[in-house]
Amino acid sequence: MRINLPVVVAAAFLLAACTSASDEGDGSSSDGAATTTPSSSGTNVATASTGSGAKPGSQLDLEINVGDRVLFGFDQSTLTQDARTTVERWGAWLEVYPANRLVIEGHADERGTREYNLALGERRANAAREYLVSLGVDPNRIKTVSFGKERPAIPGSNENAYAQNRRSVAVLDAATN
Amino acid sequence: MLSYTKKLRRRTTVLLTLVAALMLPTIAHAQIDVGVDRFTVEPLSIAVPDFIPGSAQAQKLAVDIATVVAEDLERSGLFAPLDKRAFLSRPVGLAVRPNFVNWKPLNAQALVVGEAKLSAEGQLSADFRLWDVFAEQPMTGLSLTTSPSNWRRVAHLIADAIYERITGERGYFDTRIVYISETGPAEKRIKRLSIMDQDGSNHRFLSDGDTLVLTPRFSPTQQEITYLAYFNNQPRVYLFNIDTGEQEVLGDFPGMTFAPRFSPDGNQVVMSLAENGNSDVNVMDLRTRQVRRLTTHPSIDTSPSFSPDGRQIVFESDRGGSQQLYVMNADGSNQHRISFKSGGRYGTPVWSPRGDLIAFTKIQSGLFHIGVMRPDGSGERLLAKGFLVESPTWAPNGRVLMFFKQNKSDAKGRGGNSRLYSIDLTGQNEREIITPVEASDPAWSPASSR
């Protein structure tokens, strides 16, 4: 069982070790009430789905029981070890739900210029996509879109917000099913 | 002899015709000279009395035109229009020599005498003379006839003529700004393509806010904009016709296209194309729709901007490890870095319409700056700074920059307001451009008259 760290602790941790701060458990806690339940460990996503109230194979299932996002260091687009673990869970989840497709959204914090951040978001989305493909997921099941700094997960001009906004988010493709 | 034979670039919605060219004696020894480079001199004091109305119906126009002329000149920072309440007399007619004795005590160096008339057909005619008060000589003049609804353009053209005569630089008052209006919280910001005159008047929303839109840029030759829109959640570069509202996607690419800008002749759009996470600069010929890739580096290559002669392109790249400025030939050859100052990241380069400078956004020590450098990277000067300033755009005369400034937001998202500002190339005269809602990504139109 993971513990949902208070944001202030997360921020301190990030300042101390920027590139290793990409903890999916912290990241998934940023997106409103639906994600306040920490995800369970392991890749047994099918059983993890039970009891969460989320319909198996749904976006909510992905958010609550798998973890829908990975975080990046400042100006970075390399997946951290934690990020790779999360993406591996996406791969396992896609295996359980073979009709599901993903759009991976790449995002940046507000401390960059708009066009550069669009390119950076594209890199981040693609980093997750490439890793999924390397795990054997059909590339046709994964699209990417960059939002640059246009859609922060949480507001605020502070390091905690920036850390949570530098992210790639897996979104169930509307074209699924 | 001075003769004004301005050809106005045709706008579908605005037709303005010049009916009279004024013939005025050449000034052999004009005492008035405001050098734009010597900005530290006092702004030139100028008297702009209400225009003389040709009839009771023209009374309001006569006042309004003079007001807009004075406001344009004042905002440039190079002129100090005098308070009308201090005037000792009013001009009585264009054909009457002003009584300079009444203007010298006010230290008015220049005096604008104008007339506004409405014809029987309902056309507005505006005439003016600019006088050098101390030399007691006429400096320039202009006569314009148009529909009364174009009275603001009439005022801007008069202000342009005054600015040009006194500074020796082209005026930029009869221009427009296309930009992005912003409302709502940061997480679901609503952005709308918007257009207005350079002074904020005649504001119009060009999109409804349902689709995320970014980075509009004016065509140098057409009433067209190229910009980025997220229709169907697919970020692509579009062409938008300002007059008709029609638009089309540029090209059929599997990945994101972004950061578009027109070439100086308006026949090409240079932009970035993302493929497998990598962004490269490409150029599309708008007539043939053929695309040519200009950069091939596995780095972020974006924000391209042509030199005004169309022979070179400045862009940003992180190929050296951090975001820096590079210049290449228009065919992609001879790519070389031009920003070398240590400790800074550089983005959004925009080549000046005069060709002599490149404006950019610089991120250094936690602050954002708007600056300029020469195309070889020398002579860097930072003009404005803030928590976040970004996206410089040049007035068509290459003397004024506009950009946007966003302030910090707190953890609840309060603050974070984004506004447009203009600043003189000297770094003086920073002014907010008032917009109906928050604003970003300004782009200046080309000069409307050539």
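Every chain is numbered on its own, with residues counted from 1 as its sequence reads. Just so you know, chain letters begin at A and ligand numbers begin at 1, following the order they were written in. The predicted origin of the model limits local features to residues at a pLDDT of at least 70 and limits the giving and counting of side-chain atom pairs to 80 or more, whereas totals for whole chains, interfaces and linings rest on all residues. With hydrogens and water excluded, all non-hydrogen atoms of the structure serve as input to the side-chain values.

### Observations regarding the overall build of chain A
For clarity, the cut-off: Segments assigned H or I by DSSP are reported as helices when at least four residues long, segments assigned E as strands when at least two residues long, and all are numbered from the N terminus. Partly exposed describes any residue whose relative accessible area lies between the buried limit of under 20% and the exposed limit of over 50%, with all areas from a 1.4 Å probe on protein chains only and scaled to the type maximum. Two residues form a contact once any of their heavy atoms are found within 4.5 Å. Calculation of accessible area relied on Shrake-Rupley with a 1.4 Å probe; when residues are assessed, cover is drawn exclusively from the protein chains displayed.
Helix and strand content of chain A: 7 helices and 4 strands. Helices and strands in chain A line up, N terminus first, as α-α-α-α-β-α-β-α-β-α-β. Within chain A, buried positions represent 60% of all 177 residues. Counting only contacts in chain A whose residues sit at least 6 apart along the sequence, the fraction spanning at least 24 positions is 74%. With the model as given, the accessible surface of chain A reaches about 6800 Å², and the carbon-plus-sulfur share is 55%.

### Overview of the overall build of chain B
We apply this condition: Radius of gyration means the value over C-alpha atoms here, while the globule rule gives 2.2 Å times the residue count to the 0.38 power. Charged residues are defined narrowly, with Lys and Arg counted positive, Asp and Glu counted negative, and His plus the chain ends left uncounted. Positions of charges follow a simple convention, taking NZ of Lys, CZ of Arg, CG of Asp or CD of Glu.
Scanning chain B for helices and strands turns up 2 helices and 31 strands. The C-alpha radius of gyration computed for chain B amounts to 23 Å, which stays within 12% of the reference 22 Å derived for 450 residues, consistent with globular compactness. Dimensions of chain B, computed from the C-alpha atoms along their principal axes, are close to 70 × 50 × 45 Å. Counting every position in chain B, which comprises 450 residues, the buried fraction comes to 59%. Counting 50 positive and 48 negative side-chain charges, chain B places the averaged centre of each group 2 Å from the other.

### Things to note about the sheet that holds strand β20 (residues 312–317) of chain B
All names here are of chain B. We apply this condition: What makes two strands pair is DSSP finding at least two bridges between them.
Strand order in the open sheet formed by 4 strands is β19-β20-β21-β22, with antiparallel pairing between adjacent strands. The open sheet is flanked by β19 (301–306) and β22 (336–337), the only strands paired with a single partner. In terms of strand pairing, β20 meets strand β21 (residues 324–329) through 6 bridges, oriented antiparallel. The partner of I313 across the bridge, within β21, is M328.

### Considering the pattern of salt bridges
For the record, the criterion: The salt bridge criterion pairs a side-chain nitrogen of Lys or Arg with a carboxyl oxygen of Asp or Glu, the two atoms within 4 Å.
Tallying each qualifying case throughout the model produces 32 salt bridges over all chains. Among the ionic pairs, B:E182 bridges to B:R189, the shortest N-O distance being 2.8 Å. In terms of burial, B:E182 and B:R189 fall into one category: buried. Salt bridges sharing common partners tie together A:R114, A:E150, B:E182, B:R189, B:K191, B:E438 and B:D441.

### Points about the interface of chain B and chain A
Where we set the bar: Buried area: the accessible area, evaluated with a 1.4 Å probe, that two parts lose upon being put together, summed over both parts. Polarity classes work like this: nonpolar for Ala, Val, Leu, Ile, Met, Phe, Trp, Tyr, Cys and Pro, charged for Asp, Glu, Lys and Arg, and polar for all others, with Gly in that last group.
The partner chain A presents 30 residues to the 49 residues of chain B that form the contact. For the pair chain B and chain A, the summed buried surface comes to about 3100 Å²; carbon and sulfur atoms form 52% of the total. Among the residues of chain B in contact with chain A, B:E187, B:I300 and B:R345 are the three that bury the most area, contributing 18% of the side total. Put simply, chain B and chain A have 5 salt bridges between them. Its salt-bridge partner being B:R217, residue A:E115 comes within 2.8 Å of it at the nearest N-O pair. In terms of residues, the side of chain B that touches chain A owes the most to one element, strand β11 (residues 213–218) of chain B, which gives 3 residues. Taken together, the residues of the side of chain B that touches chain A break down into 19 nonpolar, 16 polar and 14 charged.

### Looking at the packing of aromatic side chains
All names here are of chain B. Selection criterion: Within 6.5 Å between ring centres, the rings of Phe, Tyr and Trp (the latter by its six-membered ring) count as paired, and their orientation is classed by plane angle as stacked under 30 degrees, edge-to-face over 60, tilted in between. Sitting over a ring, as applied to charges here, requires NZ of Lys or CZ of Arg to be within 6 Å of the ring centre and within 35 degrees of the ring normal.
One pass over the full model with this rule turns up 15 aromatic pairs over all chains. The interplanar angle of 25° and the centroid separation of 6.2 Å between the aromatic rings of F403 and Y421 together place this pair among those described as stacked. With F403 in strand β28 (residues 400–406) and Y421 in strand β29 (residues 418–424), the pair connects residues that are 18 residues apart, well separated along the chain. Classification of Y421 by relative accessible area gives buried; the value is 16%. A connected cluster of aromatic rings, assembled from ring pairs, spans F79, Y163, Y172, F173 and W444. For R319, the ring lying beneath its charged end belongs to Y326, and the centroid distance is 5.1 Å. Against the face of Y421 rests K405, its NZ or CZ located 4.3 Å from the ring centre.

### Some remarks on helix α6 (residues 114–134) of chain A
Residue and element names in this part refer to chain A. How we decide: Any helix carries an expected span of 1.5 Å times its number of residues minus one.
Between the first and last C-alpha of α6 there are 30 Å, a value that for 21 residues agrees with the 30 Å anticipated at 1.5 Å per step. Burial of α6 is extensive: 18 of the 21 residues sit out of reach of the surface. G136 lies just past α6 and shows a positive phi near 105°.

### Re helix α2 (residues 151–167) of chain B
Under the 1.5 Å per step criterion, the end-to-end length of α2(B) is 24 Å for 17 residues, consistent within 8% with the ideal 24 Å. After α2(B) finishes, the residue B:G168 shows a positive phi value of roughly 80°.

### Describing the nonpolar core
Residue and element names in this part refer to chain B. Stated precisely, the cut-off is as follows: Buried Ala, Val, Leu, Ile, Met, Phe, Trp, Tyr and Cys residues that are joined via side-chain atoms within 4.5 Å together make up what is termed a nonpolar core. Domain ranges listed in this record stem from an automatic or a database domain assignment.
Counting 66 residues, the largest nonpolar core has I46, I65, I158 and I162 as the members making the most contacts within it. For this core, the leading source of residues is α2, giving 10 residues. The residue makeup of this core includes at least three contributed by each of domain 1 (6–167) and domain 2 (176–444).

### Some words on the environment of B:F262
All names here are of chain B. The topology assignment puts F262 in strand β15 (residues 257–262). In the structure, F262 is positioned 169 residues away from G93 in sequence and 46 Å away in space, judged by C-alpha atoms. Excluding anything up to four places from it in sequence, F262 contacts R217, F218, S219, P220, E224, I225, T226, L239, Q268, V269, L286 and F306.

### A word on the pairing of strand β3 (residues 142–148) of chain A
Residue and element names in this part refer to chain A. Selection criterion: We call a crossover right-handed when, viewed with the strands running away from us, the connection from the first strand over the helix to the second turns clockwise.
A large share of β3 lies buried, amounting to 5 of its 7 residues. As defined by bridge partners, strand β2 (residues 102–107) adjoins β3 across 6 bridges and the pair is classed as parallel. The residue of β3 that forms the bridge with L102 is I142. Handedness of the β-α-β unit built from β2, α6 and β3 comes out right-handed.

### Observations concerning the sheet that holds strand β30 (residues 431–433) of chain B
All names here are of chain B. Rules: Interaxial angle, 0 to 180 degrees, is taken between N-to-C directions of lines fitted to C-alpha atoms, where a helix line uses only the stretch in contact.
The sheet built from 4 strands is open, its strands ordered β27-β28-β29-β30 with antiparallel pairing. A single partner strand is all that each edge strand has here, and the edge strands are β27 (388–394) and β30. On average, each strand axis in the sheet is tilted by 35° relative to the strand beside it, whichever way the strands run.

### Observations concerning the confidence of the model for chain B
Residue and element names in this part refer to chain B. Rules: Confidence of the predictor in every single residue is expressed as pLDDT, which spans 0 to 100.
Mean pLDDT over chain B: 91, with 90% of residues reaching 70 or higher. In this model, residues 1–30 is a region of pLDDT below 50 whose contacts with residues beyond four sequence positions or in other chains number 79 contacts. Both confidence scores are given for the complex: pTM 0.87, ipTM 0.91.

### What about the confidence of the model for chain A?
Here chain A shows a mean pLDDT of 79. Residues at 70 or above account for 69%. This model gives residues 1–44 of chain A a pLDDT under 50, and the stretch forms 68 contacts once residues within four places in sequence are excluded.

### Re unusual backbone geometry
Residues and elements named next belong to chain B. Even without being glycine, N202 reaches a positive phi, approximately 50°. In this structure, T215 is a non-glycine residue whose phi angle is positive, near 45°. Residue placement: T215 occurs in strand β11.

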